Amino acid sequence: MNIALFSDSYLPTKSGIVTVVVQLREQLIKAGHNVVLVTVQTTPEFATDDPDIYRTKSVPLGLGTDQFLSIPKMKPLIKFLKEKKIDIIHCHTEFGLGKAGLKAARKLGIPAICTTHTMWVLFYKHYLPCGKLIPPGIINAILNHYYKQFDSLIGVSTKARNFFKQPKMLPNQPSAIVPNAIDRSKFQATHITAQERHELRAKYGFADDDKIMLFVGRVGEEKRVFELLEVCKKVCAANPKYKMIFVGNGPAFEEMQNRAAENIANGSIVFAGFIEWVKVHAFYESCDLFVTTSLSEMHSMTILEAQLSGLPIVVRNDESYADCVFDGVNGYVTQSEDEMSEKIISLLGDDKKLKEFGQAGLETTKKFTIETHVNKTVEVYNQVLKAYPNKINDEEVNKILKEKF
């Protein structure tokens, strides 16, 4: 099969979408497919001579992000896709390149699908100028107009699919569920040693017997990081051996440090800032518990990474965690920040339960292998191509995915 992936997010930018696109392309090629990538040109050093990567002139998005935007010239793009004899276009963006993917599909007479990675209705208020003045209905209307043009959507979770199946969204638009996955061979090629664990802890002022909570991700309001900070303050106040480390950067980074000034001074809360993805696994393996209060996820990559590292998880109740965090099994699903604080304190004081939950989390990740993710994606491609120019019956396709994988 000849496949074209379209994404406004790609290296050197770091994000969950970038991880998904990189993994998907590599694994599709490994499976014998021909895969081209149409993406942004970020910095000169990331120009490429790879004949299967088509980089388009782009500009920084700004708005406190490290993303880029591109509106490519269609004539040379169409020529490139024709030369590659593309069968199907798979978009991973709602911006310029996503629209270009739709135009290209129409011009070439081939199907186009799109993965819905982001719950934009929960994000836009924090990033668009005057975003808090824009009614959510306007954002949803824009999304509806865009997504309804595809032959199928791919939802990365039941939450993602259900969101667009709402009566005022796109209840009749086909949507197949293909959860995110982590390529373990890339994320965790080797485990850190006990000495490396000791050294990493010591670097940030932690003792070997401290119990450390971990958050990895974008430090932005949409992740409800201020709420998480208050939870962690309560936990740290309960026991001087309980500590917290935030790994990541974002627009709320400085304000978080300001609000945590006292905890930073006494060493109970640490902000590590941006850490390269290839080094992040060492932080997971050096901590005891992964925590997040985010309610804006579609399907969290960091939850899967934490579970691959043997960490228990404590989250706020949200449908995006329904297939990976099981209350009282591999972590806790809490209904409020107060309950979350209580559960964390209880768990950090119970070494046996920490170990049991961590082992259960490892078992959970077996459902989210990169091989399963790619096989499901290819099955969606096949079903869409088979039905084209008509749209798939998504109930039947999801049944097939569930039965085969």
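Now for a look at the structure at hand. (Residues numbered from 1 in each chain as written. Predicted model: local features only at pLDDT ≥ 70, side-chain atom pairs only at ≥ 80, totals over all residues. Heavy atoms only, no water.)

**Overview of the nonpolar core**
Definition in use: As used in this record, nonpolar core signifies buried Ala, Val, Leu, Ile, Met, Phe, Trp, Tyr and Cys residues forming a set joined through side-chain atoms within 4.5 Å. Exposure categories follow from relative accessible area, calculated using a 1.4 Å probe and restricted to protein chains: below 20% of the type maximum is buried, above 50% is exposed, and the middle band is partly exposed. Strands here mean DSSP runs of E at least two residues long; helices mean DSSP runs of H or I at least four residues long; both are numbered from the N terminus. Residues count as neighbours in contact if any of their non-hydrogen atoms are within 4.5 Å of one another.
In this structure, Phe6, Leu81, Ile89, Tyr147 and Phe150 are the most contacted members of the largest nonpolar core, which totals 38 residues. Mapped by element, the contributors of at least two residues to this core are strand 1 (2-7), strand 2 (34-41), helix 2 (74-83), strand 6 (88-91), helix 3 (96-108), strand 7 (112-116), helix 5 (136-147) and helix 6 (158-164). Ranked by residues supplied to this core, first place goes to helix 3 with 5 residues. The contacts of isoleucine 89, once residues within four sequence positions are left out, are Ala4, Phe6, Leu81, Gly101, Ala104, Ala105, Ile110, Pro111, Ala112 and Ile113.

**Some thoughts on the environment of glycine 358**
Here glycine 358 is to be found in helix 15 (residues 351-364). Glycine 358 sits 48 residues away from glycine 310 along the chain, and the two C-alpha atoms are 4.4 Å apart. Apart from residues no more than four positions distant in its own chain, glycine 358 is found in contact with Gly310, Leu311 and Pro312.

**Quick notes on the pattern of salt bridges**
Pairs may arise between side chains of opposite charge once their charged atoms sit close together. Condition: Salt bridges are defined as contacts in which a side-chain nitrogen from Lys or Arg sits within 4 Å of a carboxyl oxygen from Asp or Glu.
If you walk through the whole model with that rule in mind, you get 23 salt bridges. With a closest N to O distance of 2.8 Å, aspartate 394 and lysine 165 form a salt bridge. Pair noted here: aspartate 394 is in helix 17 (residues 394-404) and lysine 165 is in the loop between helix 6 and strand 9 (175-177), with a separation of 229 residues, a long-range link. We classify aspartate 394 as buried; its relative accessible area is 9%.

**Points about the sheet that holds strand 9**
The cut-off we apply is this: A pair of strands counts as paired when DSSP detects no fewer than two bridges linking them. Axes here mean lines fitted to C-alpha atoms, for a helix over just the part in contact, with angles spanning 0 to 180 degrees between N-to-C directions.
Pairing in this open sheet of 7 strands is parallel, and the strands run 3-2-1-6-7-8-9 from one edge to the other. Each edge of the open sheet is held by one strand with a lone partner, namely strand 3 (53-57) and strand 9. In this sheet, adjacent strand axes meet at a mean angle of 25° when their direction is disregarded. Looking at chain direction, strand 7 and strand 8 (residues 152-155) are connected through 4 bridges and run parallel. Pairing of isoleucine 113 across the sheet is with serine 152, part of strand 8. With respect to the sheet, helix 3 is in contact with strand 1, strand 2, strand 3, strand 6 and strand 7, its orientation differing from that of strand 6 by roughly 165°.

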